[in-house]
Every structure is written in structure tokens, then in C-alpha cells.
Amino acid sequence: MSIQYEEPLADSYGVVDSFPKDFGYGVEEADIDDNPAPSDSKPRILLMGLRRSGKSSIQKVVFHKMSPNETLFLESTNKIYKDDISNSSFVNFQIWDFPGQVDFFDPTFDYEMIFRGTGALIFVIDAQDDYMEALGRLHLTVSRAYRVNPEINFEVFIHKVDGLSDDHKIETQRDIHQRANDDLADASLEKLHLSFYLTSIYDHSIFEAFSKVVQKLIPQLPTLENLLNIFISNSGIEKAFLFDVVSKIYIATDSSPVDMQSYELCCDMIDVVIDVSCIYGLKEDGSGSAYDKESMAIIKLNNTTVLYLKEVTKFLALVCILREESFERKGLIDYNFHCFRKAIHEVFEVGISTQRIGSLLSNTPNMKAVTHNGTPRSPV
Ligand SMILES: Nc1nc2c(ncn2[C@@H]2O[C@H](COP(=O)(O)OP(=O)(O)OP(=O)(O)O)[C@@H](O)[C@H]2O)c(=O)[nH]1
């Protein structure tokens, strides 16, 4: 495996054990009152579930770089914690981590106000425990939330599956799916759709599941997918992910199916790039940025696959998987990437003034097109 890396190397080896302070989401966790301020207008993701099901661990591992083993020492949450995840107009939401024992009948808990501004409700079920009580709680929670706001995306994380065998995982998922939907049918709530994910903080499944939850909250998703499709088909690339570098959730990918292995490879590449950059790329006094406009990396694997990472915005990176022979046309890929990057920046601006979205879609970037055998064809 060879790594080409274009970050300037620091003249001495400053050891940095993780991201520099300015790289990452502010660990600004605010205690909030039960009633949110009306100005809280960002899409909200609620993390709910029984005590010790793993809610805080998920939030810490995905958004605050906590290592899974450290979550063993997390204390039980006894208030609602609000965590602002904002780095761009695409990844911009709040996560509210609820204590396990939320009481809907407590008059000081204004659940109507909370559910009204909610984009997604993640209900975490501990798959290593008896889940009957959790299923009852799931039903109570989603049926209440649905009555207040039917637009919420209901996501069920069947969590801690690292402790289960493959057969047991499938069987647990089938059983939980069946029981939860039966309960909804009994309450005439067939229209309430639950999505199920098997997750664990000990592998990439939690990042993949969170990626899918977040993508549903990005209104520009079809535009991003469209741009990725155009980019890969004109550049001979097999798969491309648009990553949020800090959390390693992918906010969009092209429309070919995602296989877990490719996703893991791309996540690992981001880790390598950021780690190398943190150790060798920062100045002696720790100043500088671990990820900036110059950030790019090429990793050639021993199976003729190439991984190619390039900066798109301050927090987003494009990570592509392609064959060695396609990489011979690197000039073309770079030109197309330049167009893609420009388009993403335009979509960003459009995110601020949404009216321009329509005109942008009809004004797709003029990438140089090439067939897979390398013959140029008319531009798109
Ligand atoms: N095996 C395994 N353990 C996990 C996983 N996720 C969390 N845990 C463990 O579950 C325990 C409880 O995790 P927390 O994140 O504190 O649970 P919580 O739902 O926030 O708990 P409350 O704050 O009491 O509501 C911790 O010891 C974690 O290490 C996982 O994916 N697999």
C-alpha cells in the first residue's frame, strides 16, 4: 500500500493524540429547560430509549470522538442534554439526549413543544437485554410523537448487537420489527413508519445508521446524489461518498448500493489522513489546521483499487473508490472534481437562499465526459 499525501510536513514531530481543539464539533453541551426556546429552529434529532440502552454512548462516539471503551464510564443522564451539531448548511441540527426515565405524564415535561420541532426520533433498544419493556416504551413514545407531529422520521436502533451471533441478530430484528408493527396495527397507526437498524458502537454500523438518519433531514439530498452520479459516471469512479470529516457520517453517496466494506475503507482513510495530519501537519506550537483546502490523499491498495480523498468544504470531503486503470486519467478526474466542488459550493449558497435550488438543478456543471475506455464523449 502506498500513501501519497500532500499536507506539508511539520519540521518536528509534535505528538497530538487526537484532533486539535479547533477541529470538531464544539463539545458545548447545554443543560436546557424542559421547554425549548422558540428560537430553536434547527432540525432536532431526539435520542430516546430505556436507561442504559446506550443513547449517550452513541452521541459521544459518533460526534465527539469518544472511544467505545470509554463509554463504560459514562454516568447516567438525568436531564435532557442538547448538543449542537453545526458545521455547514448540510450538517446542521441538534441532538437531544434524553434521560432513560422520561415521564410523559409529568406536567412539567412539555412533550408537545418538543415533538413539534423534531425531525427524527431515534429510539434505542438494548438488544442484549430483555426488550419487552423497551417495546412498550417505544410504542408509547412513537404514538404520542406521531399524534403531535406525523412528519417525524421514526428510527429504531436495535443496539449493542456486537454481543449477538449473526443468526441471533437477524432473529432479534425480525422479532422486534414484528412486535412493534403489531402494536401499531392494534392502535390503528399503520401509517406510522418505523425504520430499523442493527447498531453497535464497536464497529461502523452506528456511523452508517446515523448517516441514513441525517440524510433524511437534508433537503438538498437529491441534488447532492445527482451531482455525485454525474461526477462518478464521467470520471470512471466506482463509488463516491461525501463525508462529514469530523463525524465520518456520509451525507450523500451516488445511487449505486452501499456495501459496508467500502464504507469502512473510506472511514479508515479519513482516520489515516486526519491522524497523519494531526501528528505531522501542524506547526510546532500546535497551530494550523489538520484539514484544509490543500488536504488530499491517494491510497493505492494491493488489489488494484485506489482510494482518493479530496477536500470539498471546511468540513466535507469526497472519498472515491476506483480501479487503478481509471486513475490513469487523473487529470480528467481532477477537472471533474473541480466542477463538482464548485457545484457543491453553489448548493451551499442555495441552502442559504433556497429559491435558487431549482435554477441550480437545471444548470448542472459542465464536466468533461469520458467513456470507460477513455474516449471522450460530448459533455453533459
Ligand atoms: N456492548 C455494547 N455496549 C454498549 C454499546 N453502546 C453502549 N454500551 C454500554 O452501555 C452502557 C450504557 O450506556 P449509556 O450511553 O450510558 O446509556 P444511556 O442510554 O445514555 O443511559 P441513561 O443515561 O441512563 O439513560 C455503557 O456501559 C456503555 O459502554 C454497544 O454498542 N455495545
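Provided above is the structure to which this section pertains.
Residues numbered from 1 in each chain as written. Predicted model: local features only at pLDDT ≥ 70, side-chain atom pairs only at ≥ 80, totals over all residues. Heavy atoms only, no water.

**Student:** Explain the overall build of the protein here, please?
**Tutor:** When you go through the protein residue by residue, the secondary structure sums to 10 helices and 15 strands. For the protein, buried positions account for 51% of its 380 residues. In the protein, once contacts between residues fewer than 6 apart in sequence are set aside, the share between residues at least 24 apart is 70%. As displayed, the protein offers around 17,900 Å² of accessible surface, 50% of which is attributable to carbon and sulfur atoms. (Helix = DSSP H or I, 4+ residues; strand = E, 2+ residues; numbered from the N terminus. Buried < 20%, exposed > 50% of the residue type's maximum accessible area, 1.4 Å probe, protein only. Contact = heavy atoms within 4.5 Å. Areas by Shrake-Rupley, 256 points an atom, 1.4 Å probe, with all protein chains shown as cover.)

**Student:** Is there a simple way to think about helix H4 (residues 166-186) in this case?
**Tutor:** Side chains that are three or four residues apart share a direction in an α-helix, a result of its 3.6 residues per turn. When the terminal C-alpha atoms of H4 are compared, their 30 Å separation across 21 residues agrees well with the 30 Å that a helix rising 1.5 Å per residue should span. Restricting attention to buried positions, one finds in H4 the residues Thr 172, Asp 175, Ile 176, Ala 180 and Leu 184. Take H4 and look down its axis: the buried residues cluster within an arc of 160 degrees, on one side only. Along H4, exposed side chains directed more than 90 degrees from the buried face belong to Asp 166, Asp 167, Ile 170 and Asp 186. Buried positions along H4 lie against strand S6 (118-126), helix H3 (132-148), strand S7 (153-159) and strand S8 (194-198). Of the residues flanking the end of H4, it is Ser 188, one or two places downstream, whose phi is positive at about 55 degrees. (Expected span 1.5 Å × (residues − 1). Arc of directions from axis to C-beta.)

**Student:** Sorry, what's going on with the site of the ligand here?
**Tutor:** Taken together, 20 residues surround the ligand, and among them Ser 57, Thr 71, Ser 76, Thr 77 and Asp 162 come closest. Here an oxygen atom of the ligand sits 3.2 Å away from a polar atom, N or O, in the main chain of Ser 53. At a separation of 2.9 Å, an oxygen atom of the ligand approaches a polar backbone atom of Ile 201. For the ligand, the accessible surface in isolation is 660 Å², of which the surrounding protein chains cover 93%. If one sorts the elements of the shell around the ligand by residue count, helix H1 (residues 55-64) sits on top with 3 residues. A breakdown of the residues in the shell around the ligand according to their chemical character gives 4 nonpolar, 11 polar and 5 charged. (Near = heavy atom within 4 Å. Polar contact = N/O pair within 3.5 Å; in protein donor to acceptor, adjacent residues only side chain to side chain. Nonpolar A, V, L, I, M, F, W, Y, C, P; charged D, E, K, R; others polar.)

**Student:** Is there a simple way to explain the environment of Glu 151 in this structure?
**Tutor:** Residue position: Glu 151 is located in the loop between H3 and S7. Counting along the chain gives 92 residues from Glu 151 to Phe 243, while the straight-line C-alpha distance between them is 26 Å.

**Student:** How should I be thinking about the packing of H3 against H4 in this particular structure?
**Tutor:** The packing of two helices is summarised by the inter-axis angle and the distance between the axes. Close contact between H3 and H4 brings their axes to 10 Å; oriented N to C, the two are set at 40 degrees. With respect to each other, H3 and H4 are oriented oblique. Relative to H4, H3 is oriented so that their crossing is right-handed. Taken together, the residues of H4 that come into contact with H3 (itself represented by Met 132, Leu 135, Leu 138, His 139 and Val 142) are Ile 176, Arg 179, Ala 180, Asp 183 and Leu 184. (Axes fitted to C-alpha atoms, helices over the stretch in contact; angles between N-to-C directions. Parallel < 35°, antiparallel > 145°, perpendicular 65-115°, else oblique. Left-handed = near helix turned anticlockwise from the far one by under 90°.)

**Student:** How should I be thinking about the pattern of salt bridges in this particular structure?
**Tutor:** Side-chain pairs of opposite charge can arise whenever the charged atoms involved come near each other. Summed over the entire model, instances satisfying the criterion amount to 12 salt bridges. As a salt-bridge pair, Arg 179 and Asp 175 come within 3.1 Å of each other at their nearest N and O atoms. Separated by 4 residues within a single helix, Arg 179 and Asp 175 lie in helix H4, roughly one turn from each other. In this structure Arg 179 comes out as partly exposed when scored by relative accessible area, which is 35%. (Salt bridge = Lys/Arg side-chain N within 4 Å of Asp/Glu carboxyl O.)

**Student:** Is there a simple way to explain the pairing of S8 in this structure?
**Tutor:** For a regular strand, the rule is simple: side chains alternate between the two faces of the sheet. Across the 5 residues of S8, 4 count as buried, placing the element largely inside the fold. Bridging between S7 and S8 involves 5 bridges; their strand directions are parallel. Bridge assignment links Phe 154 to a residue of S8, and that residue is Leu 194. The parallel pair S7 and S8 is bridged by H4, and the resulting crossover is right-handed. (Pairing = 2+ DSSP bridges. Right-handed = clockwise from strand over helix to strand, strands pointing away.)

**Student:** How should I be thinking about the environment of Thr 71 in this particular structure?
**Tutor:** With respect to the helices, strands and loops of the structure, Thr 71 is situated in the loop between H1 and strand S4 (81-86). Residue classification places Thr 71 among the buried positions, given a relative accessible area of 9%. Sequence spacing of Thr 71 and Ser 56 is 15 residues, and the spatial spacing of their C-alpha atoms is 8.2 Å. Not counting chain neighbours up to four residues away, the residues in contact with Thr 71 comprise Ser 57, Val 61, Met 66 and Ile 201.

Everything listed here is a matter of geometry and, on its own, says nothing about what the molecule does.
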